[in-house]
Protein chains: 2
Amino acid sequence: MSKFWSAAIRDLTPYVPGEQPKVTNLIKLNTNENPFPPSPAVEHALHHYDTARLTLYPDPDSTELKEALANYYGVERAQVFVGNGSDEVLAHAFMAFFRQEKPLLMPSITYSFYDVYCNLYQIDYQHIPLEDDFSVALTNYTTENGGIIFANPNAPTGRSLSLDEIEALLQRNTESVVIVDEAYVDFGAQSAVALVDKYPNVLVIQTFSKSRSLAGMRVGFAIGHTELIDGLERVKNSFNSYPLDALAQKTAVAALQDQSYFEQSVAQIITTRQWTTEQLSELGFKVIPSATNFVFAEHRFIEGAELMGYLRTNNILVRHFSRPEIDNFLRITIGTQEQMEALVACLKQHPDLG
Amino acid sequence: MSKFWSAAIRDLTPYVPGEQPKVTNLIKLNTNENPFPPSPAVEHALHHYDTARLTLYPDPDSTELKEALANYYGVERAQVFVGNGSDEVLAHAFMAFFRQEKPLLMPSITYSFYDVYCNLYQIDYQHIPLEDDFSVALTNYTTENGGIIFANPNAPTGRSLSLDEIEALLQRNTESVVIVDEAYVDFGAQSAVALVDKYPNVLVIQTFSKSRSLAGMRVGFAIGHTELIDGLERVKNSFNSYPLDALAQKTAVAALQDQSYFEQSVAQIITTRQWTTEQLSELGFKVIPSATNFVFAEHRFIEGAELMGYLRTNNILVRHFSRPEIDNFLRITIGTQEQMEALVACLKQHPDLG
């Protein structure tokens, strides 16, 4: 605490990301990174980049990247916004759309950064409880609101919603912005990008950090009606003219253009997710059906915190959340088949599971 | 305008950066970029980077970069904050320190993004007029305030303040944060980093975009008392855990470690600035003494807007600002000696100067 801080800063509770350990002999299944490297096209782009160009400012509008995304998703360039990771896109969206008199609605269990943005921008919000099976029931989002945000698939549960459920919400909720955070959508859910031309108040946010193996480059984007994109551009241009450096723009375009690599790596992760789910079930875990690159699972009689510690001792990192509703669960990223086999082998050696 | 925008967004007047043309046959003297490429160490770091690592999130704390900066400036790592360009560092600083009941004080002519941040965060501010010779008279910053910000050297004028003038301000002004924006300091001014251990309310902000030739990578930083750095970290961690991608961190460290390249390129720019100043003076320009990598100059009888258009026609870009107090001036980046010779040759061919 400092007398020099703005008053609102004193009450912030910053987000705490998963551990990024400095040692390298770990099996890292704690931050939902992709176990495969980015496309070889990314390496080629990087290793042949003319470094002399870095003395110039990057394109402030990320024109080439926006055009590549517009082509890929079949929308206009003016319907695309890009930012320094989807976290920055989300932050700007909260600022642009959710500072309203009525509260923002969001699931009670979801990406915990949403609460943090609300505190940062002093946005009133309401948590809508999940169903008992951890699904998001959009039919419960009926109160007057200044906006709605949910993740599809949801994190950390991994459950997904159908496009029909989302469209039904948009038919009911026409007066405030609905954000669908699709960080994990490529691993098994339907994208609401299909709805942006029909509903002017839906904004879809995605990232290159998961299915594109580019967490290290921080590239996120939003797709929606041009009025929503204009709102985001106004905030962005009042905050930082150049949010994406030249290499972030370059590597993202390269990754987006290698469709076959993308499809192969996503398919492999889905196959390994299926195998992991079966193995964990056999070991006595209850595994929530996942449409993501992670599984959310609790053991029938061993506590989550204990299991996390046990795995940590054996150089395997998984994520555990201490809030009561989910503190018996582990969120386990789907790594390579070999990594998941090592995880299962390690669990089998647990004294209570052997 | 959209009914979906938060009310405050409707009144924003976003910053407009200098033109980043897509064509390449221009002499680009409009955005104060360094005419020299980054250090060869940057190219080496980039071309040997293990691209597979990009699937992992970057270090959210930019530890290696902070340590390199701490060593370079002789401060503790906890006195260093880094961000996605100094624009992001400034934005977070406005949020963290300047949302106060009393107004922020700043020079009437300075980096025009400061006003934009004030609008974004609804901060009341007062412009303190420059002296007739465009110098910033810190002795006029005497009213009750919620903070003070100025650039040293100032932009777009290029004039610098001495460390004694800044220290005198800090002795008078002890109850609010004073930000010294030193984007251009390496080209001829004294850094207030020398004062951070003595005055807990001074925050120095610098960038890799100018003297380090890394505008394309978006790396800025702040140095100050740990209480101020903690305030910035709270905002950063409520906004985006990973503001610097892996390559931004990597290239910045590489650039910082090549001291001899840095000294040579800065010395060359200062030499060329001196030559350009003399040439422009001979052509009838009044040139403000510059401690930066640009000169701010007006011609005795040709209007600034006309000269800018004339140069643009001849494929030379310079910056012109339309606000009345300075609309007769051009801000001309110091390029290579060859580029400045081309500029002078072009001006000599102007019908009224021949």
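Position numbers for residues count from 1 along each chain, tracking the sequence in the order it is written. Starting at A for chains and at 1 for ligands, labels are handed out in the order in which the entities are written. Two thresholds apply to this predicted model, a pLDDT of at least 70 for residue-level local features and 80 or more for giving and counting side-chain atom pairs, whereas whole-chain, interface and lining totals are computed over all residues. As a convention, hydrogens and water are excluded, and side-chain values are obtained from all of the structure's heavy atoms.

The name given to chain A in an unreviewed UniProt entry is Histidinol-phosphate aminotransferase, with the source organism recorded as Neptunomonas marina. Taken verbatim from the UniProt record of chain A, the Sequence similarities (unreviewed entry) comment is "Belongs to the class-II pyridoxal-phosphate-dependent aminotransferase family. Histidinol-phosphate aminotransferase subfamily." UniProt positions are given in the numbering used here, feature names are shortened, and annotations may be inferred rather than shown by experiment. For chain A, the Subunit (unreviewed entry) comment in UniProt is given as "Homodimer."

(A) Summary view of the interface of chain B and chain A. Pairs of residues are marked as contacts when any of their non-hydrogen atoms sit within 4.5 Å. In this complex, chain B contributes 90 residues to the contact, which on the side of chain A involves 90 residues. Between chain B and chain A, roughly 7,200 Å² of surface is buried when both sides are summed, and carbon and sulfur atoms account for 56% of that area. Area buried by chain B at its contact with chain A is led by Phe4, Tyr57 and Phe239 of chain B, which between them contribute 12% of it. By salt bridge we mean one thing: a side-chain nitrogen of Lys or Arg within 4 Å of a carboxyl oxygen of Asp or Glu. Taken together, the connections running from chain B to chain A amount to 2 salt bridges. Residues adjacent in sequence count toward polar contacts only when both atoms are side-chain atoms; beyond that, a polar contact is any pair of N or O atoms within 3.5 Å, and within protein one must be able to donate a hydrogen and the other to accept it. Where chain B packs against chain A, one counts 50 residue pairs in polar contact (both at pLDDT 80 or more). Secondary structure elements follow DSSP: runs of H or I no shorter than four residues count as helices, runs of E no shorter than two count as strands, and numbering proceeds from the N terminus. Sorting the residues of the side of chain B that touches chain A by element identifies α1 (40-47), α3 (85-97), α4 (113-120), α6 (226-236) and α7 (246-257) of chain B as the ones contributing at least two each. Considering each element in turn, the side of chain B that touches chain A owes the most residues, 8 residues, to α3 of chain B. Note on residue classes: Ala, Val, Leu, Ile, Met, Phe, Trp, Tyr, Cys and Pro are nonpolar, Asp, Glu, Lys and Arg are charged, and everything else, Gly too, is polar. Class assignment of the residues belonging to the side of chain B that touches chain A gives a composition of 47 nonpolar, 26 polar and 17 charged. Here the buried area means the combined drop in accessible surface, using a 1.4 Å probe, for two parts upon being joined, counting both sides.

(B) Fine view of unusual backbone geometry. The step from asparagine 152 of chain A to proline 153 of chain A runs through a cis peptide bond, and the omega angle for that step is -5°. One can find proline 153 of chain A in the loop between β5 (147-151) and α6 (163-172). That bond from alanine 155 of chain B to proline 156 of chain B is cis: its omega, 5°, falls within 30 degrees of zero. A positive phi angle is found at glutamine 122 of chain A, which is not glycine, with a value near 50°. Positionally, glutamine 122 of chain A belongs in the loop between α5 (113-120) and β4 (125-128).

(C) Spatial organisation of the sheet that holds strand β9 (residues 285-287) of chain A. Residue and element names in this part refer to chain A. Taken together, the 3 strands give an open sheet; going across it, the order is β9-β10-β12, and neighbouring strands pair in antiparallel fashion. Two strands lie at the open edges of the sheet, namely β9 and β12 (329-333), each paired on one side alone. Sheet twist, expressed as the mean angle between neighbouring strand axes with direction ignored, is 35°. Angles here are taken between N-to-C directions and fall from 0 to 180 degrees, while the axes themselves are lines fitted to C-alpha atoms, restricted in helices to the stretch in contact. On top of the sheet, helix α10 (residues 304-313) reaches β9, β10 (294-299) and β12; it is set at about 40° to β12, its chief contact. Following DSSP output, two strands are said to pair if at least two bridges run between them.

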